[in-house]
Amino acid sequence: MRKVTVLEHISLDGVIQAPGGPDEDTSGGFAYGGWIAPYSDEVLGTALRKQMNLPFDLLLGRTTFDIWEPFWPQHADEWPGVNTATKYVASNTRTSSKWQPSVFLSGDIAEKVTELKQQPGPDLNVWGSGNLLQTLMKHDLVDAFWLMIYPITLGSGKRLFADGTIPAAFKVTESTVGSNGVIVANYERAGAITTGSS
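So, here's what we can say about the structure. Owing to the predicted nature of the structure, the values given are computational and were not obtained by experimental measurement.

### With respect to the nonpolar core
Here's step 1: Formed by 30 residues in total, the largest nonpolar core has its most connected members in Trp-68, Trp-79, Trp-127, Met-148 and Tyr-150.
Here's step 2: Of all elements in the fold, only α1 (42-52), β2 (57-61), α2 (62-71) and β6 (144-150) reach the threshold of two or more residues within this core.
Here's step 3: For this core, the element with the most residues is α1, which contributes four residues.
Here's step 4: Leave out the neighbours within four places in its chain, and Trp-68 touches Leu-58, Leu-60, Pro-73, Trp-79, Val-82, Trp-99 and Trp-127.
Here's step 5: In terms of nonpolar packing, the next biggest core, distinct from the first, is built from 24 residues, Ile-16, Tyr-88, Ala-110 and Leu-160 among them.

Here's what the structure looks like:
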């Protein structure tokens, strides 16, 4: 069974909006686009390259796909796998792209992703794609979170864990801390939540 892994740059207060650049996503008046730039270092770069070189297909929301579509074909040397991976795109408005291989999913996305997980193939990686993420989490379709947690609070913006997240327990399977304070951690599902008294 294929796993769905969510990979996100995230602030301490849970914001995932527009980490890469000022014009990436200004919706809702978000004014801090490009907030990850000051935190780059060798540790983070090494962790990213390792993750990006694993076998994967992509599961993306339409907005993230629209941002990536003109960029990555021109930057194949930076991430060769992104161009050869099958890109499954959740969209009710788009049906085709010159950036291949791409498959567009419409209608009941949770049902389509459930079917994809049952098919043979590499794991499905989700980058960005805030709206799609909410659907995946509400339907308990996320198996792991690979998070880069930045020592910054942004106050507003689209958050990873919004209303409707399914309660679940996770275990940390790998972690490292960069020289600029970015924590890179892999969280994998660890069953149901257990409670007790202190």
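Right, picking up where we left off after that structure.
### Brief notes about the sheet that holds strand β3 (residues 87-90)
Adjacent strands of a sheet pair through backbone hydrogen bonds, lying either parallel or antiparallel.
Here's step 1: Strands sit in the order β4-β3-β2-β5-β1-β6-β8-β7 across an open sheet of eight strands; the sheet is mixed. Edge positions in the sheet fall to β4 (102-105) and β7 (170-177), since each of these pairs with one other strand and no more. The average undirected angle you get between the axes of adjacent strands in this sheet is 20 degrees.
Here's step 2: Sheet topology places β6 next to strand β8 (residues 183-189); six bridges connect them, and they run antiparallel. Across the sheet, the residue bridging to Phe-145 is Tyr-187, located in β8.
Here's step 3: Lying on the sheet, α2 is in contact with β2, β3, β4 and β5 (124-127); it crosses β2 at an angle near 115 degrees.
Here's step 4: Its contacts with the sheet put helix α5 (residues 130-138) on β1 (4-11), β2, β3, β5 and β6, and the angle it makes with β2 is roughly 110 degrees.

### Thoughts on the packing of aromatic side chains
The geometry of an aromatic ring pair comes down to the distance between the two centres and the angle between the two planes.
Here's step 1: The tally for this structure, following the rule as stated, stands at 13 aromatic pairs.
Here's step 2: Here the aromatic cluster, defined as three or more aromatic residues joined through ring pairs, consists of Phe-56, Trp-68, Phe-71, Trp-72, Trp-79 and Trp-127.
Here's step 3: One residue, Lys-87, lies across the ring of Trp-99, its end atom 4.5 Å from the ring centre.

Scoring rules and cut-offs
- Position numbers for residues count from 1 along each chain, tracking the sequence in the order it is written.
- Given that this is a predicted model, residues contribute local features only at a pLDDT of at least 70 and side-chain atom pairs are listed and counted only at 80 or more, while totals for whole chains, interfaces and linings are drawn from all residues.
- As a rule here, side-chain values come from all non-hydrogen atoms in the structure, and water together with hydrogens is ignored.
- As used here, the term nonpolar core means buried Ala, Val, Leu, Ile, Met, Phe, Trp, Tyr and Cys residues forming a set that is joined through side-chain atoms within 4.5 Å.
- Remark: exposure states derive from per-residue accessible area (1.4 Å probe, protein chains only) relative to the maximum for the residue type, with buried under 20%, exposed over 50%, and partly exposed in between.
- Where helices and strands are cited, they refer to DSSP runs of H or I of at least four residues and of E of at least two residues respectively, numbered from the N terminus.
- Residues are treated as being in contact if the distance between any of their heavy atoms lies within 4.5 Å.
- The pairing criterion is simple: DSSP has to find at least two bridges between the two strands.
- Convention adopted: a line fitted to C-alpha atoms gives each axis, helices being fitted over their contacting stretch, and angles between N-to-C directions are expressed from 0 to 180 degrees.
- To pair, rings of Phe, Tyr and Trp, with the six-membered ring standing in for Trp, must have centres within 6.5 Å; the planes then decide the type, stacked if under 30 degrees apart, edge-to-face if over 60, and tilted in the middle.
- Both a distance and an angle decide whether a charge sits over a ring: NZ of Lys or CZ of Arg must be within 6 Å of the ring centre and within 35 degrees of the ring normal.

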